[in-house]
Amino acid sequence: MSLDSISETIAHFIGTFELTSEQARWRDQYDEFVAFRRKAELEELEDATVIKVKVGLKLDPGKYDALPFRTDAPQADIAPAPLQAMSVAAPVPGFGLVPNADDFIPDVQLPAISFQTVVLQPQLIPELIGSAVTYTVQTLRLSDNDTLGQAEFRDVETLMAQGDALAAVAESLHAVSAPSLNIADYQSVEHIQALVEEVQQTIEVEGATVHQFQGEDAMGTIVNGEHVDEAPDWSELLPLHHQSDEDQTEDLPEELLPAEWDQSEDSEFGEGHTVSTGGNLAVNEVAVTVAWVDAPVIAVGGQSVNVTVVSQVAVVSDIDTGDAGAQSDTMVVQTSTITVEGNEAHWLDDNVAAEGQDPLVAVTWIAGDLVVTNFIQQEIDATDIDHIETEITASSSLYVMGDNVLINVTEILQLGSYYDVILIGGDMISVDIVHQTIVFLDDDEINGGIPDEDDDNLVVNQVALTTMGEDTHEELDASLAGVLPLEEMDTEALEDALLNNPDFAGMEQIRVLKIDGDLVQVNAIEQITILQDQDDINLNGEAGAVASALGAGNAVLNTAGVVKAGVDSVVMTGEGEYSDLVLHQASLIDTPDDDLDVEIGNDAIAVLIDTVDGPGNSENAPGHNKMTPSEMAESFDDGLQTMLA
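Residues numbered from 1 in each chain as written. Predicted model: local features only at pLDDT ≥ 70, side-chain atom pairs only at ≥ 80, totals over all residues. Heavy atoms only, no water.

Visitor: Account for the environment of A151, with residues named and values stated.
Guide: Here A151 shows up in the loop between β4 (147-148) and α3 (156-172). Judged by relative accessible area, which is 39%, A151 ranks as partly exposed. Sequence separation between A151 and I388 is 237 residues, and the spatial gap between their C-alpha atoms is 8.3 Å. Sequence-distant contacts of A151, defined by excluding residues within four places in its chain, comprise E389 and N538. (Helix = DSSP H or I, 4+ residues; strand = E, 2+ residues; numbered from the N terminus. Buried < 20%, exposed > 50% of the residue type's maximum accessible area, 1.4 Å probe, protein only. Contact = heavy atoms within 4.5 Å.)

Structure representation (structure tokens):
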């Protein structure tokens, strides 16, 4: 039944009131629920009203070393000021220091306080130093043996076997076996002396050219067995195929540029026909800079041993057959630059104490041996044996079956600390060995086409060893000999001995590195590059007869640079010093001779191959290690030797 107007108004008011009341009750419950939820979320915070922001700020430690490695002398205006004694007022034990006490407690009678002056000497905190050992093994293997067309091509497996045999021949031409990767070998003075004796053995291989220098004769720059003023620049010797277009044309006026230089056409697929089966680039490169520890004064309880051995071998076979002009040329360059430069300790002039002030002594102790070694092995083994037989009928064509680029690069920078004196209880041993091998075969058969006479091959072994800091050897004096047996518990006795030593009188501070064992520093580098580019090129047809055929244009480089940055040192030894430097350069190049038949030349190589049992096991090179690098690595007992980079 319908309600009258008054009843309907009252009912509507009651319904609205109930809805409004219910909405208010739900609002209270919702606010309470939200409050509990937020409280639960904030329970883990110590104070919900405090916001903490963490910012990780870390200074670069390399910018704040007390004695950074550098070769330039410090500027006079930034020389450190002399250390001065600091006078600080300190209370007598039992009383607190109260400055201006009368101003704060005027009505209290304090007991008399006497003050005494305490001189605080600044303390030197020595930087921690430890061993640095790196192992780097880089291997590149390439098999780019392409075949296009069908013809009576040479067998690829037979050619590769010839490359393996020449690699064994190259190993036999070395004066010394590949460097050991075992640190213990370099801690034995007898082992190092035996190594040098092995190098000094005369190697006579028929057809090979051998140059060997020892001692002062090996210093300076030597290229292919001759002393020169400057080593050749690798980039300037590169075949034209590997030189940039800018280098080839920067000095040529536009009217002298060839017609194909017009860049409006496709730079690769312009007019003409080109077949490229060579043009390979293989590079092993090492750059090592070591500046770990050195001092103007070094006292050694045992022997001081310094040995450097550089052995470079290049074996090349470049005998081409076919049409006129097929024979390419191969330039072989083996260069060694070994220098020693003086470098005075730049901080000595500023390390002068005030009159009557005793030096500050900071000692870094090493209970065992300090070892700084870099073992590097780089190998490139590449075959680019291409076979092509085709009739060219297109208006323009480009066949690229070579142009491979293989590069191994290692850069190592080791920076440590300089000291004023280094005390070594055992021996100080420094060994640098660079072992470089290149085997290159470019025996092409070219029929048809026009061989590119400008793009010849380049083979380079290059070594640069630079030592900054000259060593002068003396007998160990009694004062320093007495402190070498001291151990870390005898630090005060060591400091007293140095303070009473007249050699260090007048110095403001004495930074000391005390090594109870041996100091061993080794850089052993082995680089092997094997490249086979033995191509069969048969071009038919009218266009094939005028096509440009590039079977050469290869560039092979082994380059190693080692810089040992230190300072001029007086080395005093208890058991004398032993040093030697040997440079060995050997090459075997098989190329056509005007008076020598090609087949005779190949037979000479074959005879050498038959006399070699295998890599590292030849009668021509006694004492070579029969173990492969991987087998040798597995035999190491040093945990650090498992680190490969």
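Resuming the write-up.
Visitor: Describe the pairing of strand β27 (residues 536-540), with residues and values.
Guide: Of all 5 residues that make up β27, 4 are buried, and the element is covered over most of its length. Bridge count between strand β16 (residues 387-391) and β27: 5 bridges; the pairing is parallel. In the sheet register, E389 faces β27, and the bridge partner there is N538. Alignment of strand β21 (residues 445-447) against β27, held across 3 bridges, turns out to be parallel. By the bridge assignment for β27, N447 is matched with N538. (Pairing = 2+ DSSP bridges.)

Visitor: Before we move on, could you go through the nonpolar core and cite the residues and values that matter?
Guide: V293, I422 and L513 are the most contacted members of the largest nonpolar core, which has 36 residues in total. Among the elements that take part in this core, strand β9 (residues 281-294) stands out by supplying 5 residues, more than any other. Setting aside residues up to four positions removed in sequence, L513 forms contacts with I129, V293, T364, I366, L370, Y419, V421, I422 and L423. Formed by 24 residues, the second largest nonpolar core is a distinct cluster that contains V133, V189, V309 and V582. (Core = buried A, V, L, I, M, F, W, Y, C linked by side-chain atoms within 4.5 Å.)

Visitor: Hey, could you go over helix α5 (residues 189-199) for me, with residue numbers and the actual values?
Guide: Of all the residues in α5, the buried ones are V189, I192, L195, V196, E198 and V199. Where α5 is buried, its residues touch α4 (183-186), β5 (209-214), β11 (304-317), β20 (428-441) and β31 (577-590).

Visitor: Kindly report on the sheet that holds strand β23 (residues 457-468), identifying the contributing residues and their values.
Guide: Strands sit in the order β7-β6-β13-β23-β29-β9-β18 across an open sheet of 7 strands; the sheet is mixed. Unpaired on one side and paired on the other, β7 (226-228) and β18 (405-418) mark the two borders of the sheet. In this sheet, neighbouring strand axes are inclined to one another by 15° on average, regardless of whether the strands run parallel or antiparallel. Bridge analysis of strand β6 (residues 220-223) against strand β13 (residues 330-341) gives 4 bridges, and the strand direction is antiparallel. Residue pairing for β13: I222 is matched across the bridge by S336. (Axes fitted to C-alpha atoms, helices over the stretch in contact; angles between N-to-C directions.)

Visitor: Give a detailed account of the pairing of strand β26 (residues 519-532), specifying residues and quantitative values.
Guide: Extensive coverage of β26 is indicated by the burial of 13 of its 14 residues. In this structure, strand β15 (residues 370-383) lies alongside β26, joined through 14 bridges in parallel fashion. Looking at the pairing, F375 lines up with A524 of β26. In this structure, β20 lies alongside β26, joined through 14 bridges in parallel fashion. Residue H435 lies in a different strand from β26, and its bridge partner there is E526.

Visitor: Account for the packing of aromatic side chains, naming residues and giving values.
Guide: Pairs of aromatic rings are described using the distance from one ring centre to the other and the angle between the two planes. Applying the stated criterion across every chain yields a total of 3 aromatic pairs. A ring pair is formed by W347 and Y418, whose centres lie 5.3 Å apart and whose planes are at 25°; its orientation type is stacked. With W347 in the loop between β13 and β14 (360-366) and Y418 in strand β18, the pair connects residues that are 71 residues apart, well separated along the chain. An aromatic cluster is defined as three or more aromatic residues linked by ring pairs; in this entry it consists of Y135, Y186 and F375. (Phe/Tyr/Trp six-rings, centres within 6.5 Å; stacked < 30°, edge-to-face > 60°.)

Visitor: Any chance you could break down unusual backbone geometry for me, citing the residues and the numbers?
Guide: A positive phi angle is found at N224, which is not glycine, with a value near 50°. Its place among the elements puts N224 in the loop between β6 and β7. Unlike most non-glycine residues, D403 shows phi in positive territory, near 55°. Following the sequence through the fold, D403 ends up in the loop between β17 (396-400) and β18.

Visitor: Go over a nonpolar patch on the surface, please, and point to the residues and values.
Guide: A cluster of nonpolar side chains, namely I6, I10, F13, I14 and F17, defines an oily patch on the protein surface of about 570 Å² accessible area. For I14, a relative accessible area of 44% translates into the label partly exposed. (Patch = residues over 30% accessible without salt bridge, like charges linked within 9 Å, V, L, I, M, F, W, Y side chains within 5 Å. Areas by Shrake-Rupley, 256 points an atom, 1.4 Å probe, with all protein chains shown as cover. Salt bridge = Lys/Arg side-chain N within 4 Å of Asp/Glu carboxyl O.)

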